[in-house]
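# Descriptive structure summary
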Amino acid sequence: GCGLMTIACEEELIPVLQVMVPNAMCMPIRRAAENPPPHDVLAAGCGLGTGEQAKEYLVRLLAKEKGPAVLDADALNLLARDGFSLPENTLLTPHVGEAARLLGTDTAAVLSDLTGSAHAIAEKYRAAVLLKSSVSVVTDGTFTYVNHQAAPALAKGGSGDALCGIAAALLAERAAQGFSLATAQTGAVASLLLSMCGQRAEKTLGARSALTGEVTAFLPEILSQG
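In this report, we go over the structure that sits alongside the text. (Residues numbered from 1 in each chain as written. Predicted model: local features only at pLDDT ≥ 70, side-chain atom pairs only at ≥ 80, totals over all residues. Heavy atoms only, no water.)

## Some remarks on the pattern of salt bridges
The line we're drawing: One side-chain nitrogen of Lys or Arg within 4 Å of one carboxyl oxygen of Asp or Glu is enough to make a salt bridge. Helix numbering and strand numbering both begin at the N terminus, where a helix is a DSSP run of H or I of at least 4 residues and a strand a DSSP run of E of at least 2. Burial classes: relative accessible area under 20% of the type maximum marks a residue as buried, over 50% as exposed, and values in between as partly exposed (1.4 Å probe, protein chains only).
For the structure shown, the criterion picks out 6 salt bridges. With a shortest N-O distance of 3.1 Å, Arg 60 and Glu 56 are connected by a salt bridge. Of the two residues, Arg 60 and Glu 56 are both situated in helix H3 (residues 52-64); the distance of 4 residues between them amounts to about one turn of the helix. Classification of Arg 60 by relative accessible area gives partly exposed; the value is 28%. Ionic pairing is found between Glu 221 and Arg 200, a salt bridge with its closest N-O pair at 2.0 Å. Of the two residues, Glu 221 sits in helix H11 (residues 219-224) while Arg 200 sits in helix H9 (residues 183-205), which places them 21 residues apart along the sequence. Take Glu 221: its relative accessible area is 35%, and that puts it in the partly exposed class. Here the salt bridges share partners, and the residues they tie into one network are Glu 52, Lys 55, Arg 81 and Asp 82.

Okay, structure coming up:
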């Protein structure tokens with residue numbers, strides 16, 4: 001649902017990604033950081049890396065960002081390590097380990113109080129937060145949403161990347177249609193959609209066997225149900 005997607009990556013990865021994702025545009029991340037392509041939403045962090053060059057690219061992109069941003073994976077690790085300014089309407093999507101790094105604590109402390117941890121991250125970084133676990137908590141510090149729809153099929157690498165993409169696509173739709181962004185609410189909807197896809201995949205493929213691409217393949221069916 002995002003319309004046009006541009007992947008900014010290292011130049012040598014472009015031939016591979018154009019084969020894997022032929023419906024996406026690709027451009028070198030160096031060029032994107034200098035002159036970002038037209039877009040409504042920036043999603044960053046998945047596969048980014050945590051070196052100084054990756055941090056420089058990310059900070060430059062965020063400094064120029066006018067719309068909402070969704071930060072996941074290495075973007076969160078860089079934020080926890082170095083700290084930097086975030087644009088308005090940023091959504092952070094940490095799992096428990098990333099949340100612990102953002103707060104300078106351990107995973108046990110985060111798991112003991114998911115809601116409190118989500119609120120603490122939102123306050124510290126002045127952003128909306130989608131804290132992912134078997135129960136996910138989404139908050140912007142004012143409104144809080146809890147997703148109780150557990151889906152064991154999502155307990156594998158790649159699920160967080162899919163959630164980042166779904167949230168970014170939903171935000172892009174709202175921005176393009178001129179609606180209020182409601183960043184936390186949109187993150188909550190994205191979390192629920194992925195959980196429903198995970199549950200549907202479990203019935204068909206089993207919780208152990210369903211891969212992330214197979215889970216997201218149920219999105220059209222879930223979305224068509226309204």
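Next, the rest of the story.
## Looking at helix H8 (residues 159-176)
Where we set the bar: A helix is expected to span 1.5 Å multiplied by its residue count minus one.
Between its first and last C-alpha, H8 extends 26 Å over 18 residues, near the 26 Å set by a 1.5 Å rise per residue. Every buried residue of H8 is listed here: Ser 159, Ala 162, Leu 163, Cys 164, Ile 166, Ala 167, Ala 168, Ala 169, Leu 170, Leu 171 and Ala 172. One or two steps after H8, the chain reaches Gly 178, where phi turns positive at roughly 80 degrees.

## A few points about the packing of H8 against H9
The test is simple: Axis definition: a line fitted to C-alpha atoms, limited for helices to the stretch in contact. Angles are taken between N-to-C directions and run from 0 to 180 degrees. Geometric relationships in this document are graded by angle, where less than 35 degrees denotes roughly parallel, more than 145 denotes roughly antiparallel, 65 to 115 denotes roughly perpendicular, and other angles denote oblique. Handedness of a crossing is defined here by the sense of rotation of the near helix relative to the far one, left-handed for an anticlockwise turn of less than a right angle and right-handed for a clockwise turn. We call two residues in contact when some of their heavy atoms are within 4.5 Å.
For the pair H8 and H9, interaxial distance at closest approach is 9 Å and the crossing angle is 130 degrees. Comparing their axes, H9 and H8 come out oblique. Our pair here, H8 against H9, has a crossing hand that is right-handed. For the pair H8 and H9, the contacting residues are Ser 159, Ala 162, Leu 163, Ile 166, Ala 167, Leu 170, Leu 171 and Arg 174 in the first and Thr 183, Thr 186, Val 189, Ala 190, Ser 191, Leu 193 and Leu 194 in the second.

## Concerning the pairing of strand S2 (residues 25-28)
Taken residue by residue, a regular strand's side chains alternate between the two faces of the sheet. The test is simple: Between any two strands, at least two bridges found by DSSP are needed for them to pair. A right-handed crossover is one whose linking path, passing over the helix from the first strand to the second, runs clockwise when the strands point away from the viewer.
Relative to S2, strand S1 (residues 6-9) runs parallel, the two sharing 4 bridges. Each bridged residue has a counterpart across the sheet, and for Ala 8 the counterpart in S2 is Met 27. Viewed along the sheet, the connection from S1 through helix H1 (residues 14-20) into S2 turns out right-handed.

## Remarks on helix H7 (residues 114-125)
Our working rule: Here the arc refers to the directions that run from the helix axis out to each C-beta atom.
The terminal C-alpha atoms of H7 lie 17 Å apart, and with 12 residues this matches the ideal 16 Å at 1.5 Å per residue to within 8%. Within H7, burial applies to Leu 114, Ser 117, Ala 118, Ile 121, Ala 122 and Tyr 125. Buried residues along H7 cover an arc of 135 degrees about the axis, so they all sit on one side. Close packing links the buried residues of H7 with helix H4 (73-82), strand S5 (90-92), helix H5 (96-103), helix H6 (107-112), strand S6 (128-131) and strand S7 (136-139). Phi turns positive, to about 55 degrees, at Arg 126, one or two residues after H7.

## Examining the environment of Leu 79
Looking at where Leu 79 falls in the secondary structure, it is placed in helix H4. The spacing of Leu 79 and Lys 55 is 24 residues in sequence and 8.9 Å in space, taken between C-alpha atoms. In this view, Leu 79 contacts Phe 84, Leu 86, Leu 92, Leu 102 and Tyr 125; residues no more than four positions away in its chain are not counted.

It is worth stressing that arrangement in space is one thing and function is another; only the former is reported here.
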